[in-house]
Amino acid sequence: MATINASVNISSDIMSYPVSISKSMTMKKAGTCNGLELANGLSSKKFTATTQVDLYAYDTNTTTSGGANKVYIRNTGSDKAEYFKVTLADTTDAVEEIGRLYGGDWMLFPWEAASADHDIMVQPSTTEIMTIEYMVFYE
Amino acid sequence: MATTTATVSISSSDIVPGSPVSISASTTCMKAGLTTGLEKMEMGANTLTTGEGSTSLKLATAAGADGAGKVYLCNKATDNTFYLRLDLHDTIVGRLYAGDWLFIPWSQNDTTNELVIQAINGSCPYEYAIFKEDETRVAGS
């Protein structure tokens, strides 16, 4: 059993009083106190086209459907005008957009991986060189 | 201009044998395509019961369309079998088990792109924060 810890710290002065959120978690298998045991390794991909592609595809050999999988993605660029559109495939709408990672933005989210229609897809906003880094933790 | 900063750290000494994982990243949350910080936020806490079924955490609105919003959500349940299922409209994103949190961008690419949560196996106390650019306000009655 592996131990994977993740923490987030969010601070903001949007309000007239300081907003500070700090939270840690240990990534565990679904419904248990045992840690996730598998990961794809920290990876990066370079893009030079605006074509939408699979970043990480559902795979019955490596992905546990309905598990407690976690996905980390970051746009390694610094340009706040360029972004990656991050989407999940969807059986009815073809694609459901989660959001856009602008330069430096990151995300960490649970991935249901319910079926082959739930691939994690990304689409760069420009043909300029853009790089994304990602890591998937799964059961 | 407001400044909202989000930092993540992920570490594991044993998930990849012989190669410890150590990831750190930080971003300042800006409006879409700009170097101006997000200026609106809402946060809260509640408890969702299994009997409530699918519940909208936040509706997408036309004014927020294609924005650079960010969402933080944490399941504060303590029973390892209780989880919050997060959907975007009719697509399952994933399961937040007890103690799990997420941080995602939310672009509200259309007005059906709502955030939906559902408690499974037991009641889930949760907390959330949404940082955003704008939203459509509802007229008073």
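Look a little higher up for the structure.
Note that this is a predicted model, so its numbers are computed, not measured.

1. Side note on the overall build of chain A
Assigned secondary structure in chain A consists of zero helices and 11 strands. In chain A, the order of α-helices and β-strands from amino to carboxyl end is β-β-β-β-β-β-β-β-β-β-β. In terms of overall dimensions, chain A has a C-alpha envelope of 40 × 40 × 30 Å along the principal axes. A burial count over chain A gives 45% of its 139 residues as buried. In chain A, of all internal contacts separated by at least 6 residues, the share reaching a separation of at least 24 is 74%.

2. Here we look at the overall build of chain B
Each helix and strand counted, chain B has zero helices and 10 strands in total. Start at the N end of chain B and walk to the C end: the helices and strands fall as β-β-β-β-β-β-β-β-β-β. The principal-axis extents of the C-alpha atoms in chain B amount to approximately 55 × 40 × 25 Å. Burial analysis of chain B (141 residues in total) assigns 44% to the buried set. When contacts within chain B are restricted to residue pairs at least 6 apart in sequence, long-range pairs at least 24 apart make up 77% of them.

3. What about unusual backbone geometry?
Working note: non-glycine residues mostly have negative phi, and peptide bonds are mostly trans. Residue and element names in this part refer to chain B. Although it is not a glycine, Gln108 sits at a positive phi angle of roughly 45°. The topology assignment puts Gln108 in the loop between strand E8 (101-106) and strand E9 (115-120). Classification of Gln108 by C-beta neighbours within 10 Å gives buried; the count is 27.

4. A short note on the pairing of strand E9 (residues 106-111) of chain A
All names here are of chain A. Counting buried positions over the six residues of E9 gives six, a clear majority of the element. The pairing of strand E6 (residues 69-75) with E9 spans six bridges and is antiparallel. Pairing of Val71 across the sheet is with Phe109, part of E9.

5. With respect to the interface of chain A and chain B
At the junction of the two partners, chain A supplies 51 residues and chain B supplies 53 residues. Of all the elements in the fold, those that place two or more residues in the side of chain A that touches chain B are strand E1 (5-12), strand E2 (19-26), E6, strand E7 (83-90), strand E8 (94-102) and E9 of chain A. When residues in the side of chain A that touches chain B are grouped by element, the largest group, eight residues, is from E1(A). The residue inventory of the side of chain A that touches chain B, partitioned by class, reads 27 nonpolar, 13 polar and 11 charged. The pairing of E1(A) with strand E1 (residues 4-12) of chain B spans eight bridges and is antiparallel.

Basis of the calculations
Residues numbered from 1 in each chain as written. Chains lettered and ligands numbered in written order. Predicted model: local features only at pLDDT ≥ 70, side-chain atom pairs only at ≥ 80, totals over all residues. Helix = DSSP H or I, 4+ residues; strand = E, 2+ residues; numbered from the N terminus. Buried ≥ 20, exposed ≤ 12 C-beta atoms within 10 Å, placed from the backbone. Contact = placed C-beta atoms within 7 Å. Pairing = 2+ DSSP bridges. Nonpolar A, V, L, I, M, F, W, Y, C, P; charged D, E, K, R; others polar.

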